[in-house]
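Coordinate inspection notes
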Amino acid sequence: MRVAVTGGAGYIGSHAVAELLTLGHQVTVIDDLSAGHAEAVPAATRFVRADIGDLVAMTTALDHHDAIIHFAGLLSVGGSMKDPRSYFQTNFIKGLVLLDAAKAAGVSRFIFSSTCATYGVPRGPLNEDHPKEPVNPYGVSKRAFEQVLEAYARIGQVRAIALRYFNAAGARRDGSLGEDHTHEEHLIPLAIDAAAGRRGPLTIYGDDYETPDGTCLRDYIHVDDLARAHVLALDAVERTEAPFTPINLGTGRGTSVREVIQSVERVTGTKVPHSVGPRRPGDPPALVAAPQRSLAILGFEPQVASIDEIVETAWKWRKAHPQGYSSER
Ligand code: UFG
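The sections below set out a description of the structure shown in this document. Given the structure is predicted, the values throughout are model-derived calculations rather than measurements.

1. With respect to the overall build of the chain
In terms of regular secondary structure, the chain is built from 10 helices and 14 strands. Counting across all 329 residues of the chain, residues that qualify as buried make up 56%. For the chain, the proportion of contacts with a sequence separation of at least 24, taken over those separated by at least 6, is 78%. Roughly 13700 Å² of accessible area belongs to the chain as shown, and the carbon and sulfur atoms make up 52% of that amount. Within the chain, the 39 negative side-chain charges are centred at a point lying 1 Å from the centre of the 33 positive side-chain charges.

Set out below in structure tokens:
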């Protein structure tokens with residue numbers, strides 16, 4: 001299949017590109033490199049450096065493709081609280097332009113990188129029918145774009161699957177790709193860097209939640225597993241009952257912040273210096289997927305089973321790339 005991957009130089013996008021190439025697909029990576037890394041784009045792809053909001057560039061780039069996997073976007077919950085407009089501009093308005101280009105180029109198969117942040121504060125099992133009441137602009141922007149996809153799907157312009165990730169984590173198991181964000185906010189890379197002495201002690205954002213050890217529970221899913229699910233979605237999108245289908249990608253297993261710290265300590269053999277601070281605004285106590293639909297529709301089951309395995313891959317990447325991708329230059 002000829003697949004265009006927006007944001008293919010980013011964290012999850014680059015892992016999906018690697019998986020697509022392994023399975024023999026032809027890949028066009030579309031990325032403006034505002035957050036992605038040229039070093040993460042394999043030579044075996046066609047690389048288009050462009051903004052997804054550029055209609056002419058997108059229409060040209062998408063010509064003769066069978067499908068789009070759309071990762072490009074802004075991804076920080078905290079960032080969206082400070083600058084909501086850019087989240088709506090990038091995740092919503094530029095997404096509309098991409099859909100215009102897809103229509104002009106005749107590409108109707110669309111896989112969208114969505115998030116469990118579309119649900120808001122859990123009020124029961126987090127299956128796909130849970131109410132969508134996002135509590136931050138990031139979640140609103142992703143949910144709004146899902147709704148556009150659903151509307152376009154109803155009139156036959158696209159067939160779409162929105163993959164709602166829980167906590168993407170880890171690095172490619174062969175060590176070739178990893179997580180490299182300019183302003184890192186995610187727990188696992190921060191805990192690893194604290195253990196390695198590359199930054200100060202980690203702050204646990206609250207230990208007075210109603211959870212077994214008082215810290216927040218999250219559902220960490222390995223990035224290689226996420227990547228594989230996208231490739232499965234490319235086929236599934238042609239045979240789903242509805243033309244728009246949202247699917248959770250998680251393991252169904254919750255891991256607390258303290259358990260992540262213990263895992264990093266086991267894997268690195270080093271203590272993670274840390275202290276307990278106040279809660280971070282907008283953090284729900286627990287976000288754990290009800291993952292049944294991903295098995296039913298995609299035939300997807302995560303292969304990386306434990307938090308230690310996830311942390312091991314992240315640690316391997318970080319040891320080899322202490323400065324992220326710039327270590328390769
Ligand atoms: N945490 C800390 N200290 C830190 C960083 C994080 O205690 O320095 C805690 C958070 O409070 C949270 C857990 O670790 O309980 C995980 O936090 P991350 O920032 O790694 O991830 P989030 O759960 O906040 O974010 C993820 C995805 C988002 C998605 C969001 C849904 O990264 O894209 O889940 O709420 F939108």
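2. Comments concerning helix α8 (residues 257–268)
With 12 residues, α8 ought to run about 16 Å at 1.5 Å a step, and its terminal C-alpha atoms sit 17 Å apart, in line with that. Turning to α8, the residues buried within the fold contact α6 (187–195), β8 (202–205), β10 (220–222), β12 (255–256), β13 (274–277) and α10 (307–320). Taken from the residues just after α8, G269 is the one with a positive phi, measuring 70°.

3. A look at the pattern of salt bridges
It is possible for side chains bearing opposite charge to pair when their charged atoms get close. Within this structure, the stated rule accounts for 22 salt bridges. Across the pair R143 and E146 runs a salt bridge whose closest N-O atoms are separated by 2.8 Å. Pair noted here: R143 and E146 are both in helix α5 (residues 137–154), with a separation of 3 residues, about one helical turn. For the residue pair R143 and E146, the accessibility class agrees, reading buried in each case.

4. Examining the sheet that holds strand β14 (residues 286–287)
Read from one edge to the other, the open sheet built from 3 strands follows the order β12-β9-β14, with strand pairing classed as mixed. If you trace the sheet from one side to the other, it starts and ends with β12 and β14, each paired once. Bridging between strand β9 (residues 217–218) and β12 involves 2 bridges; their strand directions are antiparallel. Across the sheet, the residue bridging to R218 is T255, located in β12.

5. Thoughts on the packing of helix α4 (residues 84–105) against α5
Between α4 and α5, the least distance of the axes is 8 Å, while the angle of their chain directions is 20°. In terms of axis orientation, α4 runs roughly parallel to α5. Taken as a pair, α4 and α5 cross one another with a handedness that is right-handed. Seen from α4, the contacting residues are P84, Y87, F88, N91, F92, G95, L96 and L99; seen from α5, they are P137, Y138, V140, S141, K142, A144, F145, V148, L149 and Y152. Split into classes, the residues belonging to the contact of α4 with α5 amount to 14 nonpolar, 3 polar and 1 charged.

Cut-offs and rules
- Residues numbered from 1 in each chain as written.
- Predicted model: local features only at pLDDT ≥ 70, side-chain atom pairs only at ≥ 80, totals over all residues.
- Heavy atoms only, no water.
- Helix = DSSP H or I, 4+ residues; strand = E, 2+ residues; numbered from the N terminus.
- Buried < 20%, exposed > 50% of the residue type's maximum accessible area, 1.4 Å probe, protein only.
- Contact = heavy atoms within 4.5 Å.
- Areas by Shrake-Rupley, 256 points an atom, 1.4 Å probe, with all protein chains shown as cover.
- Lys, Arg positive; Asp, Glu negative; His and termini not counted.
- Charge placed at Lys NZ, Arg CZ, Asp CG, Glu CD.
- Expected span 1.5 Å × (residues − 1).
- Salt bridge = Lys/Arg side-chain N within 4 Å of Asp/Glu carboxyl O.
- Pairing = 2+ DSSP bridges.
- Axes fitted to C-alpha atoms, helices over the stretch in contact; angles between N-to-C directions.
- Parallel < 35°, antiparallel > 145°, perpendicular 65-115°, else oblique.
- Left-handed = near helix turned anticlockwise from the far one by under 90°.
- Nonpolar A, V, L, I, M, F, W, Y, C, P; charged D, E, K, R; others polar.

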